[in-house]
Amino acid sequence: MKSRIVLMVIMLTLLAGCVKATPAVSPEAPRVLRVMVYDSFSVSEDVIARFETANNATVQFLKAGDAGKMLNQAILSRDNPQADVLYGLDNTFLSRALNADIFEPYQAKNLSVIPKALHLDNKYRVVPTDYGDVCLNYDKAYFAEHSLALPQSLTDLTQPEYRGLLVVENPASSSPGLAFLLTTIGAFGADGYLDFWEDLRANDVLVVDGWDTAYYNEFSGSSGSDGVRPLVVSYATSPAAEVYFSAGALTEPPTGAITAPGTCFRQVEFAGILKGTQNRDLAEAFIEFLLSADFQTDIPLQMWVFPANPTIALPQVFVEFTLEAVQPAEVPAEAIEANREKWIEAWADVVLR
Amino acid sequence: MPDNTAHRSPSIHDESRVATRHPPLVTRHWLLVFPLLFLLVFYFYPLGAIFRASLMGDGGLTFEALLARLLGPATWRTLGFTFGQAALSTGLTLLLGLPGAYVFARYDFPGKRLLNALTTVPFVLPTVVVATAFTAVLGPKSPLNVVLMNVLGLSRPPLDLRYTLGAILLAHVFYNDTLVLRIVGGFWANLDPRLEQAARTLGASPWRAFVEVTLPLLLPALGAAALLVFIFCFTSFGVILILGGPRFATLEVAIYRQAIDMGNFPLAAGLSLVQILCTLGLTVLYTRLQGRLARPLDWRPRRVTQRRPRTAGDFALVLANVGISGVLLGLPLATLVVRSFDAGLRYYTALFENPRGSIFYVPPVAAVGNSVKFAVGTTALALLLGMLTATALYRRRQGWIVDALFMLPLGTSAVTLGLGYLLAMARPPLNLRGTPALIVCGHTLVALPFVVRNVLPALQALRPSLREAAATLGATPARVFVEVDLPIVWRALTVGGVFAFTVSMGEFGATSMIARPELPTIPIAIYRFLSQAGALNYGQALAMSTLLMAVCVAGFVAIESLRPPGSEE
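Conventions adopted
Residues numbered from 1 in each chain as written. Chains lettered and ligands numbered in written order. Predicted model: local features only at pLDDT ≥ 70, side-chain atom pairs only at ≥ 80, totals over all residues. Helix = DSSP H or I, 4+ residues; strand = E, 2+ residues; numbered from the N terminus. Rg over C-alpha atoms; globule rule 2.2 N^0.38 Å. Buried ≥ 20, exposed ≤ 12 C-beta atoms within 10 Å, placed from the backbone. Contact = placed C-beta atoms within 7 Å. Domains from an automatic or database assignment. Nonpolar A, V, L, I, M, F, W, Y, C, P; charged D, E, K, R; others polar. Axes fitted to C-alpha atoms, helices over the stretch in contact; angles between N-to-C directions. Parallel < 35°, antiparallel > 145°, perpendicular 65-115°, else oblique. Left-handed = near helix turned anticlockwise from the far one by under 90°. Core = buried A, V, L, I, M, F, W, Y, C linked by C-beta atoms within 7 Å. Pairing = 2+ DSSP bridges. Expected span 1.5 Å × (residues − 1). Bend = angle between axes of the 7 residues up to and from the residue. pLDDT = per-residue confidence, 0-100.

Engineer: Mind laying out the overall build of chain B, listing which residues take part and the relevant values?
Structural biologist: Assigned secondary structure in chain B consists of 26 helices and two strands. Relative to its length of 569 residues, chain B is compact, with a C-alpha radius of gyration of 24 Å against a globular reference of 25 Å. With the C-alpha coordinates of chain B rotated into their principal frame, the extents come out at 70 × 65 × 50 Å. When burial is assessed residue by residue, chain B has 51% of its 569 residues classed as buried.

Set out below in structure tokens:
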């Protein structure tokens, strides 16, 4: 019986192989470009359609979880790459990706329009496409009602008047959570951040698993929330999203972002051509497209981050309700990759024990 | 169905012995070919691929270092907590579920079907959504807290269960109550009530009659339900993270953190192996016991075993159980539904709009369609494979080994299996990435244990003399199966089918890894809405969740109304 099973497996696998064999392609048929993206990636249909028409291509998106999950999938499958291009790698994971050597260098022509500060890889393996600021958000009503001044520094958060007001995300499982941990490392250094967290813990900070729990269930400022904490770690663009997604009910955001120096972390996102692509020319065209005005203009309302190209006109809701971080925290990507696990574990020992 | 043996003791072993002496084993062996092949291709092959890649890769850890970390105090702590919370959760779920199972089994009352369907709804809901409901019911702004704060003049809410062990246990009961209600209740419903009545006539108290007559007969179903609940809580992930908070970690959580957040694949694989071995140990223990517990029984149709509540005691019992389910399961669910209408129908109409022209916009009809298609495919495949497996296994002495193998997918970390699929199923010889078939097969892998666990006890409890009588009268094995086995195990099959449907409808983790964005399901749409700020996103997530509940209830009712010709309840 065993040998029959083996035989059947062989036959089945052969069959599956046949089914999937590539059919002959006529020269005019559009080529398929596969792009790996994280779950919250979004783009307008007409923008992608213009790329497809211009390049006689069909773009297939593979959604692969959040940024960390996506990167790990790309690393695990590097011998048999799932896609030609990867989009959405951020600076907290950049070094892991570069160390794993999953990208083919490409010096994009459109890179010239992107500010030098965002170029984090001098070997051109990835290009910066956009950035977002992780900042404290506050509930306007609470601070007005209690005539409380807004915290202007991280140290303020450890003061008695802000006791029990802040909810943050676990840096081990959440990307804004990690960003906020890095903000504290940027501010107090790898030697001093634990002392700060000790004080924050004494001041009754609440740590939850992810952004959705923090923002929708614990933060008091978000629309319809049952939360009671008026300070949350979120994005600089969240107040603008509150207005945009209020279905016309709000003309002013119920929340605000604190962008004071040293209180925010800038997440820069990158795209790159995955090693082993069979469509190198098309992948190059796609990288150029990601940096083009067409795609860059589409970014803000689709993904609620800022386009890397500073000359792009932002939508009205961004202009009115969004501030960019002033002097965001600085932690080099190599230091993040080298110390991530150590920093998070030490943090957990202090905050979660 | 002849019932002339009903008055005899149910613990007679002679008949099953007679049967094992003449087993039509040749055909039975062959029934296992397809289920085993399925397991081999869709479980062991991807699992082998991820283990090989994790352990052979250039992870930088030596084998000794890995082993030292794997067997270090952190693992033992995690393992201790994982076992402890699973045992507590299982005990609580059984305690709360058993009275409900009794009421569902023995009473017939208006609205019972709908209530039964509603108790299964929690099973499909994403944890983020359940967390929202729990926050509304138990959180700082809940009505109870508001009243207490006013009455006692407090400035902070006195009750907040969230981020405690209590919240984890409560959520596990909320999710898994249905397993006890349906598996034990379904088995109980066809149990001959005259056995217990005889004990009562002979002077036993109701409690003694229950403990000495009914309980031993229920043990196979009780064991099956307890095993499933335990494994579910043992591998709990979302509940621990979201409702328990970052202070708690099960093995599953540790595996996810190592694989995804730390990129430490060797350690993740090691922990996965520990989890698989624990599941295997538990299941082997159970299947060994199960073989001894099973007794041939006479199945009675429901019109005989069930009655309408008549006395005041009956009414009190039914109402108390309906009340408890109502508070425990109904209140959080109702909160979600009510909230989805906070802005009238706006959140629902918004589902049909794509104002930003996003290429990833999910039309609700498409999400429902995809979810239902996957779920129907999963149900059909799981029922077919499960029936084959159970039929092949129910009278084989060595069956417990194979039986335990089929339980493994349930105890295997979703992230491990998901990454395994990515490695094994996206390249020749099995390049299935993004195909609907792969999603159905992945869901079936998890759904299959539910079918086997329901059908196997039913088949084992079937009196062999019935089959033999049919065979003696000249029926072919196939005809015996269709006309004797099938009508009697039908009930168990529908319960298995309901869970297969549910598993598929609610599954998110693996689907998000292996699905193409062109085939979004309802849970994927819910997560997409919850990843951005704003009332409309939050509201649409609730509207989608309500839609998910409605589709599930419709699905359950449809599955339960299917009957083979000539059978009765």
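Structure's up, so let's keep going.
Engineer: Describe the overall build of chain A, and please don't skip the residues or the numbers.
Structural biologist: Along its length, chain A carries twelve helices and eleven strands. Radius of gyration (C-alpha) of chain A: 23 Å, near the 20 Å computed for a compact globule of 353 residues. Looking at the 353 residues of chain A, the share that counts as buried comes to 51%. Considering only residue pairs separated by 6 or more positions, chain A has 76% of its internal contacts joining residues 24 or more positions apart.

Engineer: Requested: an account of the domain arrangement of chain A, with residues and values cited.
Structural biologist: Residues and elements named next belong to chain A. Assigned domains of chain A: these are domain 1 (29–131 + 267–319) and domain 2 (133–266 + 323–351). Of the residues lining the interface, 17 residues belong to domain 1; the matching set on domain 2 comes to 18 residues. Sorting elements by how many residues they give to the side of domain 1 that touches domain 2 places helix α4 (residues 94–100) first, with four residues. Counted by class, the side of domain 1 that touches domain 2 contains ten nonpolar, five polar and two charged residues.

Engineer: Give me the lowdown on the environment of Pro143 of chain B, citing residues and values where you can.
Structural biologist: Residues and elements named next belong to chain B. Following the sequence through the fold, Pro143 ends up in helix α8 (residues 143–152). Residue classification places Pro143 among the exposed residues on the basis of 9 C-beta atoms within 10 Å. Residues Pro143 and Leu215, 72 residues apart in the sequence, show an inter-C-alpha distance of 40 Å.

Engineer: Go over the interface of chain A and chain B with me, naming the residues and quoting the values.
Structural biologist: If you look at the interface, chain A gives 58 residues, while chain B gives 56 residues. Listing elements by their share of the side of chain A that touches chain B, those giving two or more residues are α1 (2–20), α2 (45–55), β2 (57–63), α3 (67–76), β7 (206–208), α7 (211–218), α8 (238–244) and α10 (293–303) of chain A. The biggest single contributor to the side of chain A that touches chain B is α1 of chain A, with seven residues. In terms of residue class, the side of chain A that touches chain B is built from 23 nonpolar, 23 polar and twelve charged.

Engineer: Before we move on, can you summarise the packing of helix α18 (residues 364–393) of chain B against helix α23 (residues 477–506) of chain B with the specific residues and values?
Structural biologist: Residues and elements named next belong to chain B. Contact pair α18 / α23: the axes reach a minimum separation of 8 Å and the direction vectors enclose 140 degrees. Viewed along their axes, α18 and α23 adopt a mutual orientation that is oblique. Handedness of the α18/α23 crossing: right-handed. The residues of α23 that touch α18, namely those facing Ser371, Phe374, Ala375, Thr378, Thr379, Ala382, Leu383, Gly386 and Met387, are Leu493, Gly496, Gly497, Ala500, Phe501, Ser504 and Met505. Considering only residue class, the contact of α18 with α23 consists of nine nonpolar, seven polar and no charged.

Engineer: Explain unusual backbone geometry residue by residue, including any values.
Structural biologist: Peptide bonds are trans in most cases, and residues, glycine excluded, mostly fall at negative phi. Residues and elements named next belong to chain A. Backbone geometry at Asp101 places phi at a positive 60 degrees, although glycine is not the residue there. Considering the arrangement of structural elements, one finds Asp101 in the loop between α4 and β4 (103–104). Phi is positive for Ala247, close to 55 degrees, though the residue is something other than glycine. With respect to the element layout, Ala247 can be found in the loop between α8 and β9 (255–258). By the C-beta count within 10 Å, which is 17 here, Ala247 ends up partly exposed.

Engineer: Describe the nonpolar core, listing the residues and the values that go with them.
Structural biologist: When a protein is soluble and globular, its nonpolar side chains tend to lie buried together. In this structure, Val35 and Val85 of chain A together with Ala171, Val184, Ala225, Val455 and Met544 of chain B are the most contacted members of the largest nonpolar core, which totals 278 residues. Ranked by residues supplied to this core, first place goes to helix α9 (residues 165–189) of chain B with 16 residues. Residues lining this core come from more than one domain, with at least three contributed by each of domain 1 (29–131 + 267–319) and domain 2 (133–266 + 323–351) of chain A. Ignoring anything within four residues of it in the chain, the contact list for Ala225 of chain B reads Leu179, Val180, Ile183 and Val184 of chain B.

Engineer: So, the pairing of strand β8 (residues 231–235) of chain A: which residues are in play, and what are the values?
Structural biologist: Residues and elements named next belong to chain A. Counted residue by residue, β8 has five buried out of five residues, so it is predominantly covered. In this structure, strand β5 (residues 127–139) lies alongside β8, joined through five bridges in antiparallel fashion. Each bridged residue has a counterpart across the sheet, and for Val134 the counterpart in β8 is Tyr235. The pairing of strand β6 (residues 166–169) with β8 spans two bridges and is classified as parallel. Bridge pairing in β8 places Val167 opposite Val232.

Engineer: Residues and numbers for helix α6 (residues 175–202) of chain A, please.
Structural biologist: Residues and elements named next belong to chain A. Its 28 residues give α6 an end-to-end C-alpha distance of only 24 Å, which falls more than 12% under 40 Å, the value for a rise of 1.5 Å per residue. Along α6, the sharpest kink reaches roughly 110 degrees, centred on Gly189. Remark: Asp204 follows α6 within two positions and exhibits a positive phi of approximately 65 degrees.

Engineer: How would you sum up the confidence of the model for chain B? Please name residues and give values.
Structural biologist: All names here are of chain B. Scored by pLDDT, chain B comes out at a mean of 85, with 91% of its residues at no less than 70. Least confident of the elements in chain B is helix α1 (residues 14–21), whose mean pLDDT is 40; most confident is helix α5 (residues 73–106), at 94. Confidence drops under pLDDT 50 across residues 1–23; counting only partners more than four residues distant or on other chains, this segment forms 21 contacts. Taken over the whole predicted complex, pTM reads 0.86, whereas the ipTM for its chain interfaces reads 0.81.

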